[in-house]
Structures are given as structure tokens and as C-alpha cells.
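Coordinate inspection notes
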Amino acid sequence: MTVHSSYFIRPATVKDVDAILELVIGLADYEKAIDSVKATPELYRKNLFGETPYAHTLLAIAGSPDAPGKAVGLAMYFFNFSTWTGKPGIYLEDLYVDPAYRGKGVGKALFAELGKVAEEKDCARIDWQVLKWNQPSIDFYEKTLGATAMSEWMGMRLEGAQIPHLRKFRLTSP
């Protein structure tokens, strides 16, 4: 746990599901994609805290560990693997800080805690994506964190009904 005078960082627990969803909705609103949020508290309980947790979440909480307030930021991540380095990595799915807490070091503190996890797990790198129009975040990542833009890569995705489409490529059993 990392403590600052007005907030602290800790791993999320199942009791934080509603706060996580509230922050994700805030992020979606900021990214002009509010209609894209399909997550529910039940899905977060199952997929973040169930039998097989698929991702992990760090929360920035206003106040102190002795007198916690509301969640004001999150970093949701999962582990991936690099075939080139032979080591695990972290993929940062989402980083969000409540607008009222921006400029107070919350984003830096979330990244610092994420870096601690990466060091503990001997990760070779931390990867994430940022929308091309989100210049304030790009500036933060490049100028403050020293991150490198991966401009030679293009993101690709299959979702929803596109996934079952892959069935036609399955090998048949003899």
C-alpha cells in the first residue's frame, strides 16, 4: 500500500466492485464511449474476484487507510507474456483518475504501484494503449513517465459475433 497525504493506493477487493464500475463509467464518459460499457457488478465479481481472476485492479482511495473515502482512480491490468524476452509483462487495460484528483500525483502513484508489481513479478515491460486524440495523457506518458510510443504497431480486435466466426478454421478430428 502506498500512502500520500490526501489519498492512498491499494489492491481492489470484491467489496470495491461498485466503485470500480463507477470509475470505469467515468473513463468511458471521458473517452466519449459511455454506450460501450457493458460491464456489470456481477461480471466484475466473477471475472476480477472469482475462481479465475482475469485481471487485477489497483485503486487510489481518498483519505487515509484509517479513514478511507471514495475511490478516485484505478489501474486495471493483467499479465501477458513476451516470446521475445521470455518473461511476463503487464498490460494496463485502463488507467483513470477522477477529474477532481488530476494534477495531484494520483496517476504517478498508480504507475509507481504498477511498477512495483512489475518488479516483483520480474516483468520485462508494461504496455498500454492511449487514444490518439488524448494529448494530455500522451504528454503525461511520454514527458512525465518517459514512455515510448509504439507507432509502428496497429491494434487489432475480434469481438462479439466475430469470435464464433473463427470456428470455420478449426481443425477436424480424424
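Residues numbered from 1 in each chain as written. Predicted model: local features only at pLDDT ≥ 70, side-chain atom pairs only at ≥ 80, totals over all residues. Heavy atoms only, no water.

The next point concerns the confidence of the model for the chain. Here the chain shows a mean pLDDT of 94. Residues at 70 or above account for 97%. The least confident element of the chain is strand β1 (residues 2–3), whose mean pLDDT is 61; the most confident is helix α2 (residues 41–49), at 98. (pLDDT = per-residue confidence, 0-100. Helix = DSSP H or I, 4+ residues; strand = E, 2+ residues; numbered from the N terminus.)

Summed over all chains, the structure comprises eight aromatic pairs. Among the aromatic residues, ring-to-ring pairing joins Phe111, Trp128, Phe140 and Tyr141 into one connected group. In this structure, Arg102 is placed above the aromatic ring of Tyr30, and the distance from its NZ or CZ to the ring centre is 4.9 Å. The cationic tip of Lys104 hangs over the ring face of Tyr101; the distance from NZ or CZ to the ring centre is 5.7 Å. (Phe/Tyr/Trp six-rings, centres within 6.5 Å; stacked < 30°, edge-to-face > 60°. Lys NZ or Arg CZ within 6 Å of the ring centre and 35° of its normal.)

Now for α2. Of all the positions in α2, only Pro41, Tyr44 and Leu48 are classed as buried. Buried residues of α2, seen end-on, are gathered within an arc of 55 degrees and therefore sit on one face of the element. More than 90 degrees from the buried face of α2, the exposed residues found are Glu42 and Lys46. Residues of α2 that are buried make contact with α1 (17–30), β3 (56–63) and β4 (68–82). (Buried < 20%, exposed > 50% of the residue type's maximum accessible area, 1.4 Å probe, protein only. Arc of directions from axis to C-beta. Contact = heavy atoms within 4.5 Å.)

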